[in-house]
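Notes for the structure review
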Amino acid sequence: MTSLTPNSAKHKQARALKPGAIRPAKELCSECGLCDTYYIHYVKEACAFLNQQVAKLEQQAHGRSRNLDNPDDCYFGVNQKMTAARKIKPIEGAQWTGIVSTIAIEMLNSGKVEGVVCVQNTKEDRFAPMPIIARTPEEILAARVNKPTLSPNLSVLEQVEKSGMKRLLVIGVGCQIQALRTVEQQLGLEKLYVLGTPCVDNVTRAGLQKFLETTSHSPETVVHYEFMQDFRVHFKHEDGSIEKVPFFGLNTKELKDVFAPSCMSCFDYVNSLADLVVGYMGAPFGWQWVVVRNNKGLEMLDMVQNQLETQPVTSKGDRKQAVQQSIPAYDQGVTLPMWAAKMMGVVIEKIGPKGLEYARFSIDSHFTRNYLYVKRNHPEKLEAHVPDYAKRIVEQYKLPDS
Ligand code: FAD
Ligand code: SF4
């Protein structure tokens, strides 16, 4: 890798480009933001959709790549520890209980980092992402809650080098973090911490509008939503009310094209390259799922341990039949009538997979769907783009022939 200084000719040339002018991954671009900076020169190597290199970067970030013969490693990535946790005093307005924002604030207050890359929303639109480098707890708090749209978090990377900052925390999703790991050595940092969230089924701002309008009874008042472990989408509205729509009642025909092509071809649901991952899918309902991948991850979790209740992760049920049945249903765009969808949701919630088995259900369903998507739309990429762990996971199921 060649080094790029702020005054190099390539840098000046890159600065002359308008943000968004070049997207080498074309329709697969997830708008991670790298190409809005002079680090675009690393795009062929760094872009998650042009160069899948999870195993190599796991080795670089965690000291080893995942062991495919260890089922937890294969599914959830390199990990030292997994736990279920929630804040004793949740942060009002956070996506879950606010563990991510709390860690970021503690890292800043303790002086372990000088800035935090996170994403606020624009003044005009609560869902339009506005990445920033936060330097105060207030700025971090203002970035709480998911912006459920593709977000160019890495577009602020040039500011890091220019600011002279030496210790940085970056919060982001898998595709952003793969690109970040590739250019990490070029940022002039002494220390980089990476706090990730899982991510799946993201959308453009226009796609989000279509999803809300197709699925919610009051799209304009939705403040946040989540695909929950009870097999329903929970929409929270401005007045605090929660609307629940069963997964099986979603209008799959209408929604088939809503998810971004990048997310339909992504196999890094669990954010393999972050030091610490905070999601929900492997935890009981109401709790967050925390995966510590390396010592930096442990250091970050330790900063907030006294603010958390924790319990061990558990696993119950058998996902395999439900995943196998969902493959042709999704493929053929089957939509159940709402009464049947509700009934199915109730039954599956009672007897269906829980805890880590729910997380495996979600990973299997998305990886099989995405494998078919890449096979059909980008067959030439299939072999190199699908990581070995994802091939192992997909091989457990019978897929349609074409
Ligand atoms: P908060 O304290 O509310 O902080 C949220 C943080 O997320 C903020 O720091 C903000 O900077 C960052 N953020 C917001 N939007 C984006 C974005 N678009 N890109 C990058 N960073 C962003 N978890 C699962 O277990 N399964 C899933 O399928 C899943 N899908 C997700 C999809 C998206 C698009 C995102 C952003 C997250 C997803 N998560 C998923 C993670 C989960 O929803 C919560 O974000 C996580 O548990 C942290 O909750 P919190 O209350 O601690 O976060
Ligand atoms: Fe560039 Fe990121 Fe899009 Fe890849 S995903 S083309 S690195 S902006």
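In short, a report on the structure.

Procedures and definitions
Residues numbered from 1 in each chain as written. Chains lettered and ligands numbered in written order. Predicted model: local features only at pLDDT ≥ 70, side-chain atom pairs only at ≥ 80, totals over all residues. Heavy atoms only, no water. Helix = DSSP H or I, 4+ residues; strand = E, 2+ residues; numbered from the N terminus. Contact = heavy atoms within 4.5 Å. Polar contact = N/O pair within 3.5 Å; in protein donor to acceptor, adjacent residues only side chain to side chain. Axes fitted to C-alpha atoms, helices over the stretch in contact; angles between N-to-C directions. Parallel < 35°, antiparallel > 145°, perpendicular 65-115°, else oblique. Nonpolar A, V, L, I, M, F, W, Y, C, P; charged D, E, K, R; others polar. Buried < 20%, exposed > 50% of the residue type's maximum accessible area, 1.4 Å probe, protein only.

1. Let's talk about the environment of threonine 37
- Along the chain, the position of threonine 37 falls in the loop between helix 1 (9-15) and helix 2 (43-46).
- Expressed as a C-alpha distance, the spacing of threonine 37 and lysine 244, which sit 207 residues apart in the sequence, is 40 Å.
- In contact with threonine 37, not counting residues within four places along its chain, are Leu154, Ser155, Leu157 and Glu158.
- Engagement of the side chain of threonine 37 in a polar contact is seen with the backbone oxygen of leucine 34, the distance being 2.7 Å.

2. A few points about the packing of helix 5 (residues 99-109) against helix 12 (residues 295-304)
- Following both chains from N to C, one finds helix 5 and helix 12 inclined at 95°, their axes separated by 9 Å at the closest point. The orientation of helix 5 relative to helix 12 falls into the category roughly perpendicular. Note on element contacts: helix 12 touches helix 5 through Met300, Met303 and Val304, opposite Thr102, Ile103, Glu106 and Met107.
- A breakdown of the residues in the contact of helix 5 with helix 12 according to their chemical character gives five nonpolar, one polar and one charged.

3. A word on the environment of alanine 104
- Note that alanine 104 resides in helix 5.
- Assessed through its relative accessible area of 0%, alanine 104 is described here as buried.
- The spatial distance from the C-alpha of alanine 104 to the C-alpha of alanine 134 is 9.5 Å, given a sequence separation of 30 residues.
- When neighbours within four sequence positions are excluded, alanine 104 is seen to be in contact with Val116, Ile140, Leu169 and Ile171.

4. Topic: the environment of threonine 368
- Mapped onto the fold, threonine 368 is located in helix 15 (residues 356-377).
- Through-space distance from the C-alpha of threonine 368 to that of lysine 391 is 9.2 Å; in sequence the pair is 23 residues apart.
- Apart from the residues lying within four places of it in its own chain, the contact partners of threonine 368 are Ile327, Val394, Tyr397 and Leu399.
- At 3.1 Å, the side chain of threonine 368 and the backbone oxygen of serine 365 are in polar contact.

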